[in-house]
Amino acid sequence: MPPFISFEGLDGCGKTTQVKLLADYLTQRDIRVAVLREPGGTPVGESIRTLLLSSRNRGLLPLSELLLYYAARNQNLHRQIIPAQAEGKWVLCDRFADASAAYQGFGRGLDLSLVETLDRMVSGGRKPDLTLLIDIEPALSLDRARDRNRRTGLDEGRFEAESLAFFHRVREGYLQIAAREPGRVRVLNGNRTIEELHREVLGLISTLLPGGQVDGME
Ligand code: TMP
């Protein structure tokens, strides 16, 4: 079965850029790739994304929020991830279930057992083969995310309205998940150039490549 790799981190950590660079690298080596994101990926998932991220929906309760993320995940897993792997494609997913544990569990304070229960319902507790967590300071995350929303004009501002304390809790959650599952979740220092991070990503995925070797790397 081709690998399923998720990318995680605070908003603005640079994961979307790294997903794209890795997808380009793999495609150039004739490896077929499905690039997906959560929430999103399917028409239903993209509608749920609009609903979840819109700054108009500030009244969303934490449990409603969690259920909506899992509704999008259910669509993504069964309509995209599993079929893509069955077709022989590597799956690169911009966020997956760890985001729910970090944001809704640690960030919003929902009981983590709720997240685990939904995980079992949706995916039978199945996890990515590898998760790359790009770690940055919460203050930097907020600056970058606000700047991006201003530049793109997208109405994806609901999370950027959160306090710095919220992002500290989310980061702490991600680091706890990584400490609990060091074999699956690898932490990358996000305070580096795009190219440096890309080289580290290539080093981490090298064992999954046919032949286990990244070009130009010893
Ligand atoms: P993105 O901008 O990285 O695509 O992520 C969208 C936002 O949704 C981001 O603020 C993190 C948040 N999120 C959650 O709170 N829980 C989840 O399960 C997922 C997938 C994302």
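Anything mentioned here points back to the structure above.
In this report, the structure presented in the accompanying data block is examined. Because the structure is a prediction, the values reported are computed rather than measured.

Describing a nonpolar patch on the surface
Taken together, the side chains of Leu 63, Leu 67 and Leu 114 present a nonpolar region at the surface, about 230 Å² in accessible area. With respect to the helices and strands, Leu 114 occurs in helix H5 (residues 112–123). Residue Leu 114 is classed as partly exposed on the basis of its relative accessible area, which comes to 33%.

Some details on the state of the cysteines
This model, assessed by the stated rule, comprises zero disulfides. Cys 13 carries a free sulfur, and the closest cysteine sulfur to it, the one in Cys 93, is 14 Å from it. Cys 13 sits in the buried class, given a relative accessible area of 3%. Judged by its relative accessible area of 0%, Cys 93 is buried.

Quick notes on the packing of helix H1 (residues 15–28) against helix H8 (residues 194–205)
Running from N to C, H1 and H8 point in directions that differ by 55°, and their axes come no closer than 10 Å. What the angle tells us is that H1 and H8 run oblique. In the packing of H1 onto H8, the handedness of the crossing is right-handed. Here H1 contributes Thr 17, Gln 18, Leu 21, Leu 22, Tyr 25 and Leu 26 to the contact with H8, which in turn contributes Ile 194, Leu 197, His 198, Val 201, Leu 202 and Ile 205. Taken together, the residues of the contact of H1 with H8 break down into nine nonpolar, three polar and no charged.

With respect to the packing of aromatic side chains
Summed over all chains, the structure comprises four aromatic pairs. Ring centres of Tyr 103 and Tyr 174 lie 6.2 Å apart, and the angle between their planes is 80°; on these two criteria the pair is classed as edge-to-face. Taken together, the positions of Tyr 103 in helix H4 (residues 97–107) and Tyr 174 in helix H7 (residues 164–180) put the pair 71 residues apart, joining distant regions of the chain. Its relative accessible area of 5% is what places Tyr 103 among the buried residues. Of the aromatic side chains, those joined through ring pairs into one cluster are Tyr 103, Phe 166, Phe 167 and Tyr 174. Sitting above the plane of the Tyr 25 ring, Arg 29 keeps its charged end 3.7 Å from the centroid. Cation over ring: Arg 73 sits above Phe 96, and NZ or CZ is 5.5 Å from the ring centre.

Examining the pattern of salt bridges
Per the stated rule, a full pass over the model turns up 14 salt bridges. Asp 94 is paired through a salt bridge with Lys 15; the nearest N and O atoms lie 2.7 Å apart. Taken together, the positions of Asp 94 in strand E3 (residues 90–94) and Lys 15 in helix H1 put the pair 79 residues apart, joining distant regions of the chain. Exposure remark for Asp 94: the relative accessible area of 9% places this residue in the buried category. With a relative accessible area of 9%, Lys 15 lands in the buried category. Among the salt bridges present, the one from Arg 37 reaches Glu 46, with a minimum N-O distance of 2.9 Å.

About the criteria used
Residues numbered from 1 in each chain as written. Predicted model: local features only at pLDDT ≥ 70, side-chain atom pairs only at ≥ 80, totals over all residues. Heavy atoms only, no water. Patch = residues over 30% accessible without salt bridge, like charges linked within 9 Å, V, L, I, M, F, W, Y side chains within 5 Å. Areas by Shrake-Rupley, 256 points an atom, 1.4 Å probe, with all protein chains shown as cover. Salt bridge = Lys/Arg side-chain N within 4 Å of Asp/Glu carboxyl O. Helix = DSSP H or I, 4+ residues; strand = E, 2+ residues; numbered from the N terminus. Buried < 20%, exposed > 50% of the residue type's maximum accessible area, 1.4 Å probe, protein only. Disulfide = S-S within 2.5 Å. Axes fitted to C-alpha atoms, helices over the stretch in contact; angles between N-to-C directions. Parallel < 35°, antiparallel > 145°, perpendicular 65-115°, else oblique. Left-handed = near helix turned anticlockwise from the far one by under 90°. Contact = heavy atoms within 4.5 Å. Nonpolar A, V, L, I, M, F, W, Y, C, P; charged D, E, K, R; others polar. Phe/Tyr/Trp six-rings, centres within 6.5 Å; stacked < 30°, edge-to-face > 60°. Lys NZ or Arg CZ within 6 Å of the ring centre and 35° of its normal.

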